[in-house]
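Structure assessment
What follows is each chain in one-letter form.
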Amino acid sequence: MAKSHTTFVCQNCGAVYPRWAGKCEACGEWNTIAEEGGGNDSIPAALRTKRRGRAFALEPLEGKTEEAPRTASGIKEFDRVTGGGFVKGSILLLGGDPGIGKSTLLIEAAAALTKKGKRVVYVSGEEAIAQVRMRAERLGLGKAKVELAAETNVEDILATLKDSNTPALVVIDSIQTLWTETVDSAPGTVTQVRASTQALLRYAKRSGAAVVLIGHVTKDGQIAGPRVVEHMVDAVLHFEGDNAHQFRILRALKNRFGPTDEIGVFEMTGEGLREIENPSALFISERDLGSPGTAVFAGIEGTRPLLVEIQALVAPTSLGTPRRAAVGVDQSRLSMILAVLEARCGVRLSGYDVYINVAGGLRILEPAADLAVAAALVSSLSNATLPADAVYFGEVSLTGAVRAVPQAAARLKEAGKLGFTRAVIPEAGKNEAGEGLQINTVAVLTALVAEIAARSPRAPRRAVGGTEEA
Ligand code: TYD
Ligand code: MG
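The shown structure was predicted, so the numbers you read here are calculated from the model rather than taken from an experiment. Residue positions are counted from 1 within each chain, in the order its sequence is given. Think of it this way: whatever chain is written first is A, whatever ligand is written first is 1, and the rest follow in order. Side-chain atom pairs in this predicted model are given and counted only at pLDDT of 80 or more, local residue features only at pLDDT of at least 70, and totals for whole chains, interfaces and linings cover all residues. Note: side-chain values were computed over all heavy atoms of the structure, leaving out hydrogens and water.

1. Structural notes on the pairing of strand β14 (residues 272-275)
In the case of a regular strand, side chains alternate between the two sheet surfaces. Relative to β14, strand β13 (residues 263-269) runs antiparallel, the two being bridged by four bridges. Among the inter-strand pairings, Thr269 is bridged to a residue of β14, identified as Gly272. A pair of strands counts as paired when DSSP detects no fewer than two bridges linking them. Numbering of helices and strands starts at the N terminus; helices are DSSP runs of H or I of at least 4 residues and strands are runs of E of at least 2.

Okay, here's the thing in structure tokens:
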């Protein structure tokens, strides 16, 4: 007799258990395990017939290679991130918080493709056709020849697609709403999301259409995250930003056909997403010149230099354990910089709350931002304004040395282009003469701390650089 088909699946990581438990041992999350029917979720029942293996020919590694055939979407920032557009026969997952603008981005991309005479099918499982139409109307794309459907059943969708000539692009909005008859779990569960993705993956490979899946990822990664299909798809893009800002960043987390370090920058306006071709100018446009605690970081995102303002606030604490809050930079990176300032530069921070923020809602992953973060922190602590025409970059090591970072020349060039006249950088970069840029090199963080402290209106100051006086 066949065993019971009920299994318990963690909705966060997809781990399977024979019985319910409060905590998932695989990912450590609580209350994420839910009952699902159909134990074997990766292969639909129809394909699970007993058959003998079939021998196939093996191929040599050496052979003709062809560039992946692509269709550029026509939205430059989108094409930059994907590495040139939609790849034929590939499947792409676009994740992001609800309401961030995923549907908007893809209806715009879909409309742009139809303008090039390509066939695009947009399947919305979340919104009624009228709602999709209304959005397109609002975006000024009401006349675009996108073919719409409001469907959630995978078999129906595939039957419709197979009946007609293959579209260049199929958009599924969203993967969490789909359900397939091959498994008997509720839509949105890990089992359904996986099985539906499998079916669409087979369709993409067979037909040569590019398929884009939209997936919601909630902040805490909960609810049958599309995470569980990340390994199956060819590319994973993440659309991020926060609702307080209009900026939206498109980032590639995985890309089998292109780079993963490029970002695309958009602004959400009343008429849809606007591409930002020169993000540096935008991110430093609202700069608060002349107040202590801000430093401009010359960063690199992919191949593109990007200037951003780093803001710091160091304020006396009233708590037993002072606060260390970081928005836009890694929390542990901040802790490290604070520890180096304390241990190597004699900057006493234990009695202060520390806040770091990256202007515009950008998230910085580069260690090259260390020097700018340290400069902003010391500037705030000593109430000394940093020169408004200076940019900072450099990695700070645990010894307090300032290390070289890649692509110094590109960073300096961008700074020069935007009217900066000074750059504070690691020693290794001193030969990279940026045009019209005065280069100040720092070998150790202590030197920078002393320099900033000397600018303080209250110098010599209690807390900074060991210049303590009674
Ligand atoms: P949407 O694309 O529906 O988000 P998602 O598919 O990621 O859930 O966009 C939702 C938000 O974007 C909504 O709050 C309204 C805003 N928006 C604009 O500001 N301008 C526009 O032109 C459009 C279409 C949406
Ligand atoms: Mg949507």
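2. Comments concerning the site of ligand 1
Not every one of the 16 residues close to ligand 1 is listed here, only the nearest: Gly99, Ser103, Thr104, Arg135 and Gly272. Pairs of N or O atoms are called polar contacts if they sit within 3.5 Å, as long as, within protein, a hydrogen donor faces a hydrogen acceptor (for residues adjacent in sequence, only side-chain-to-side-chain pairs). The separation between an oxygen atom of ligand 1 and a polar main-chain atom of Gly101 is 3.0 Å. Protein coverage of the free-state accessible area of ligand 1, which is 560 Å², stands at 75%. Ranked by residues supplied to the shell around ligand 1, first place goes to helix α2 (residues 102-115) with three residues. Considered class by class, the residues forming the shell around ligand 1 number four nonpolar, seven polar and five charged. Here a residue is near a molecule or strand as soon as one of its heavy atoms is found within 4 Å of it. Residue-level accessible areas treat just the shown protein chains as cover; the underlying method is Shrake-Rupley with a 1.4 Å probe. For this classification, Asp, Glu, Lys and Arg are treated as charged, while Ala, Val, Leu, Ile, Met, Phe, Trp, Tyr, Cys and Pro are nonpolar and the rest, including Gly, are polar.

3. Digging into the packing of aromatic side chains
Two rings belonging to Phe, Tyr or Trp (six-membered ring only in the last case) form a pair when the distance between their centres is within 6.5 Å. Interplanar angles under 30 degrees mark stacking, angles over 60 mark edge-to-face geometry, and anything in between is tilted. Applying the stated criterion across every chain, the model contains two aromatic pairs. Between Phe78 and Phe86 the ring centres are 5.3 Å apart and the planes differ by 45°, which places this aromatic pair in the tilted class. Exposure is judged per residue with a 1.4 Å probe applied to protein chains only, and the accessible area is read against the type maximum: over 50% gives exposed, under 20% gives buried, and values in between give partly exposed. By relative accessible area, which is 0% here, Phe78 ends up buried. Phe86 gets classed as buried once you look at its relative accessible area, which sits at 3%.

4. As for the sheet that holds strand β17 (residues 324-327)
Spatially, seven strands are ordered β17-β18-β16-β15-β19-β22-β23 in an open sheet, and the strand pairing comes out mixed. Each edge of the open sheet is held by one strand with a lone partner, namely β17 and β23 (438-442). Across this sheet, the average inter-strand angle for adjacent strands is 25°, counted without regard to direction. Where strand β22 (residues 422-426) meets β23, five bridges bridge the pair, whose relative direction is parallel. Residue Ile425 lies in a different strand from β23, and its bridge partner there is Thr441. Pairs of residues are marked as contacts when any of their non-hydrogen atoms sit within 4.5 Å. The axes are straight lines fitted to the C-alpha atoms, using for helices just the contacting stretch, and the angles between their N-to-C directions are given from 0 to 180°. Where helix α8 (residues 370-382) meets the sheet, its contacts fall on β15 (294-301), β16 (304-316), β18 (352-358), β19 (390-392), β22 and β23, and the angle it forms with β16 comes to roughly 30°. Helix-sheet contacts for helix α9 (residues 408-417) involve β15, β16, β19, β22 and β23, and the interaxial angle to β15 is about 125°.

5. Observations regarding the packing of helix α7 (residues 331-345) against helix α10 (residues 445-454)
The geometry of α7 relative to α10 is characterised by a closest axis approach of 10 Å and an angle of 85° between their N-to-C directions. Here α7 lies roughly perpendicular to α10, going by the angle between them. Taken together, the residues of α10 that come into contact with α7 (itself represented by Val340, Leu341, Arg344 and Cys345) are Leu445, Thr446 and Val449. Each residue belonging to the contact of α7 with α10 can be placed in one class, and the counts come to five nonpolar, one polar and one charged. Small angles under 35 degrees read as roughly parallel and large ones over 145 as roughly antiparallel, with 65 to 115 read as roughly perpendicular and the rest as oblique.

6. Looking at the sheet that holds strand β7 (residues 120-124)
Within a beta sheet, neighbouring strands are joined by backbone hydrogen bonds and run either parallel or antiparallel to one another. Spatially, the nine strands line up as an open sheet ordered β8-β7-β9-β10-β6-β11-β12-β13-β14, and their pairing is mixed. Either end of the sheet is taken by a strand with one partner, and the two such strands are β8 (147-149) and β14. The sheet shows a mean angle of 25° between the axes of neighbouring strands, taken without regard to direction. Along the sheet face, helix α3 (residues 129-138) touches β7 and β8 and points at about 140° away from the line of β8.

7. Description of the pattern of salt bridges
Salt bridge, as applied in this entry: a Lys or Arg side-chain nitrogen positioned within 4 Å of an Asp or Glu carboxyl oxygen. One pass over the full model with this rule turns up 16 salt bridges. With its nearest N and O atoms 3.1 Å apart, the salt bridge here joins Glu77 to Arg304. Placement of the pair is Glu77 in helix α1 (residues 76-82) and Arg304 in strand β16, with a sequence separation of 227 residues. For the pair Glu77 and Arg304, one class covers both residues: buried. Each of the salt bridges in this network shares a partner with another, and the network as a whole consists of Glu240, Arg251, Glu301 and Arg363.

8. So, α7
For the α-helix, the turn length of 3.6 residues means that residues three or four positions removed from each other point alike. One fewer than the residue count of a helix, multiplied by 1.5 Å, yields its expected span. With 15 residues, α7 should cover 21 Å at 1.5 Å per step; its first-to-last C-alpha distance of 20 Å lies within 8% of that length. Residues of α7 that are buried include every one of Leu334, Met336, Ile337, Leu338, Val340, Leu341 and Cys345, and no others. Packed against the buried residues of α7 are β17, β18, α8, β20 (395-396) and α10. Immediately downstream of α7, the backbone of Gly346 shows phi near 65°, a positive value.

9. Details of the side chain of Thr104
Take Thr104: it is sitting in helix α2. Owing to a relative accessible area of 10%, Thr104 belongs among the buried residues under this scheme. The residues contacting Thr104, other than those within four sequence positions of it, are Arg135, Leu139, Met268, Gly272 and Leu273.

10. Observations concerning α2
For α2, built from 14 residues, the straight-helix expectation of 20 Å at 1.5 Å per residue is met to within 8% by its first-to-last C-alpha distance of 20 Å. Along α2, 13 of the 14 residues are buried, which leaves the element largely enclosed by surrounding structure. The first or second residue beyond α2 is Gly117, which carries a positive phi of 85°.

11. Details of the pairing of strand β12 (residues 247-255)
For β12, the tally of buried residues reaches seven of nine residues, placing the bulk of the element in the interior. Where β12 meets β13, five bridges bridge the pair, whose relative direction is antiparallel. By the bridge assignment for β13, Arg248 is matched with Phe266.

So yeah, pure geometry; function would need other evidence.
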